Amino acid sequence: MEMRVLRAGVYSTVQDRGRPAFRHAGVPLSGAMDPVALRVGNLLVGNDENAAGMEVTLGGAEFLFPRGAIVAVTGAAYEGVPGWKPLALAPGQSLRLGPCLRGARGYVAVRGGISVPLVLGSRSTYQRGGWGGHEGRRLQDGDLVPVEGAAAGHVPAIMAAWSLRPEYSDAPILRLVAGAQAGWFGEALTSREFRVDPRSDRMGLRLAGEPLAARDAKELASSGVVPGTIQVPPDGQPIVLGADAQTIGGYAQAGHVAAVDLPLVAQLRPGDRVRFRTITLAEAQWLALQREQEIALLRAGLQARWEQAG
Amino acid sequence: MKKPVLTCEPLGDSALTVTIGPPGDPSIPARVRALAAALAKARLPGLLDFAPAYASVTVFYDPARTEGEGALPFHRMQAAVMDCADSARVGHRRVPRRELEDRLVEIPVCYGGEFGPDLPEIAERARLPPRDVIARHSGVEYRVEAIGFVPGFPYLSGLPQRLHAPRRATPRELVPAGSVGIGGAQTGVYPLATPGGWNLIGRTPSTLFRPLDNPPALLRAGDRVVFRPITAEEFAVWK
């Protein structure tokens, strides 16, 4: 079974939850920039939450399912497309993600899952390496993408809980846990506003603002980084690392965005304004565990509904 | 020798970094390798992966899957990792015995010409004829200190001091895969075509990263590496 990409849009790729187990070989995590949106989308269509879907940056994308499909659109909001619930597409009907109303990255989960081959245990696209996803690259107009058993069908009347649908904002306050070099920058990171630079991509969200001056800066030996790490290069303009970021880095680490707020980072657009607020590690981990519990509840509820639906 | 110091700090809410000191101690690389080897064997609950670097090992974990005593997932993971370090004697005065087999990997390199556009500059800087730069670069053994930057990229220590050279002021937009470069006191090989700021002195026909192989990377942290000069004809045949 195949899906036809009628229009690929600005930048669309196949992503799952990434490849967590190859970072010792320098392989980035990759996977959905907004992992919560992809996981919830998968649960809404009755998939395993690690199934591969499409990450659509901004809009302008259209996908055709010749035999119909059950899909869910999560993350960014699109004109005329009901989000965060399963949708039944009749044979030959296409899914059109036109202008993006809110957020920056939409996720299309398809019942059955996108079935491109696994590379290093994941179907995620890693464009720089040229592997994973659909032929190791972003989607192009006319691509035929394999989907496992997509077909039209009946969908149960279900929606994702509001608690799992974050309020995407063009001026969020991102919660962070202090980094090893937080002391170099004093209160500067949490007392200023930054703008999202257009050069941002899946490797990193580049922020622009009054440069952060480092006190007592010294040469650092490269060490591990994670998606969400806030690096400050010598020019003082912070970079929030994204899903395709490298695994070790040598820049100062001012902080790390809490995992629970990574969806807000994924949904920022160039020009949006960002502020930071420091929370404790205990708070960040408690919030992460709470989020996992909400997803577990949703998983249990939706599995039952899909079983009833047959 | 000063007593080694292991510190464990959170790296955000789903990773932690064990740093090994005191800074500059010559036994640190062996201790990093010993810790990485111990973590590879231990199968700690919640551990997803680890990344060894120069003087540290970062452990990536799933906060929802840690086990043991401790109020926070971080405390549970910290206890498990530090126990693992302790049983591998990572922090003992005597440098721990190597757990990994000691591999020596030979990498063929065609130096200079179109493959090494910065060789003349490096030679001039070192006040050596290019063939002596080649002889010195290929005449010593290197150690893989870390894998990172891009998949399979080895950070190699052991570059003769005479060949040290600062990174280029303006990075190249695209460095071809296989390029062998010098960046500061380090030398390395680019496994993929990527932007890069190192001085390029040659190219290897070997593939350093194959995403469909297991393991995907030719090199791993701790390996010893030597470069063997080959001719352009040998390079062509190799491919």
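Residues numbered from 1 in each chain as written. Chains lettered and ligands numbered in written order. Predicted model: local features only at pLDDT ≥ 70, side-chain atom pairs only at ≥ 80, totals over all residues.

Caption draft 1: Structural view of the overall build of chain B. Helix and strand content of chain B: five helices and 13 strands. When each of the 239 residues of chain B is scored for burial, the buried share is 46%. Long-range contacts, defined here as pairs at least 24 residues apart, represent 59% of the contacts in chain B between residues at least 6 apart. (Helix = DSSP H or I, 4+ residues; strand = E, 2+ residues; numbered from the N terminus. Buried ≥ 20, exposed ≤ 12 C-beta atoms within 10 Å, placed from the backbone. Contact = placed C-beta atoms within 7 Å.)

Caption draft 2: Just the interface of chain B and chain A, in detail. At the interface, 39 residues of chain B touch 35 residues of chain A. Counting residues per element, the ones that place at least two in the side of chain B that touches chain A are strand 1 (5–10), strand 2 (15–21), strand 3 (47–52), strand 4 (56–61), helix 2 (73–87) and strand 6 (142–147) of chain B. The element best represented in the side of chain B that touches chain A is strand 3 of chain B, accounting for five residues. Per-class residue counts for the side of chain B that touches chain A are 28 nonpolar, eight polar and three charged. (Nonpolar A, V, L, I, M, F, W, Y, C, P; charged D, E, K, R; others polar.)

Caption draft 3: Structural view of helix 2 of chain B. Taking 1.5 Å per residue, 15 residues should reach 21 Å; helix 2 of chain B reaches 21 Å between its end C-alpha atoms and fits that length. By the burial criterion, the buried members of helix 2 of chain B are B:Pro73, B:Phe74, B:Arg76, B:Met77, B:Gln78, B:Ala80, B:Val81 and B:Ala85. Contact partners of the buried residues in helix 2 of chain B: helix 4 (281–309) of chain A together with strand 1, strand 2, helix 1 (28–42) and strand 4 of chain B. After helix 2 of chain B finishes, the residue B:Arg89 shows a positive phi value of roughly 60°. (Expected span 1.5 Å × (residues − 1).)

Caption draft 4: How the structure looks around the confidence of the model for chain B. In this model, chain B carries a mean pLDDT of 93, and residues with pLDDT of at least 70 account for 97%. Predicted complex, confidence summary: ipTM 0.94, pTM 0.93. (pLDDT = per-residue confidence, 0-100.)

Caption draft 5: Representation of the environment of A:Ser169 within the structure. Residues and elements named next belong to chain A. Among the structural elements, Ser169 can be located in the loop between strand 9 (144–146) and strand 10 (173–178). Using a count of 15 C-beta atoms within 10 Å as the deciding quantity, one classes Ser169 as partly exposed. Separated by 19 residues in the primary sequence, Ser169 and Ala188 place their C-alpha atoms 22 Å from one another.

Caption draft 6: Just the sheet that holds strand 14 (residues 229–232) of chain A, in detail. Residue and element names in this part refer to chain A. Read around the barrel, seven strands follow the order 10-17-14-15-12-11-18 and close on themselves; strand pairing throughout is mixed. When the angles between neighbouring strand axes are averaged without regard to direction, this sheet yields 40°. With four bridges connecting them, strand 10 and strand 18 (residues 273–278) associate as parallel partners. Residue pairing for strand 18: Arg175 is matched across the bridge by Arg277. (Pairing = 2+ DSSP bridges. Axes fitted to C-alpha atoms, helices over the stretch in contact; angles between N-to-C directions.)

Caption draft 7: Molecular detail of the pairing of strand 4 (residues 61–64) of chain A. Residue and element names in this part refer to chain A. What you see with strand 4 is a clean split: Ala61 and Phe63 sit on the buried side and Glu62 and Leu64 on the side with no burial. Pairing of strand 1 (residues 2–8) with strand 4, which is carried by four bridges, proceeds in the antiparallel orientation. Note on strand 4: the bridge partner recorded for Val5 is Phe63. Of the strand pairs in this sheet, strand 4 and strand 7 (residues 94–97) are connected by four bridges, and their pairing is antiparallel. Across the sheet, the residue bridging to Leu64 is Ser94, located in strand 7.

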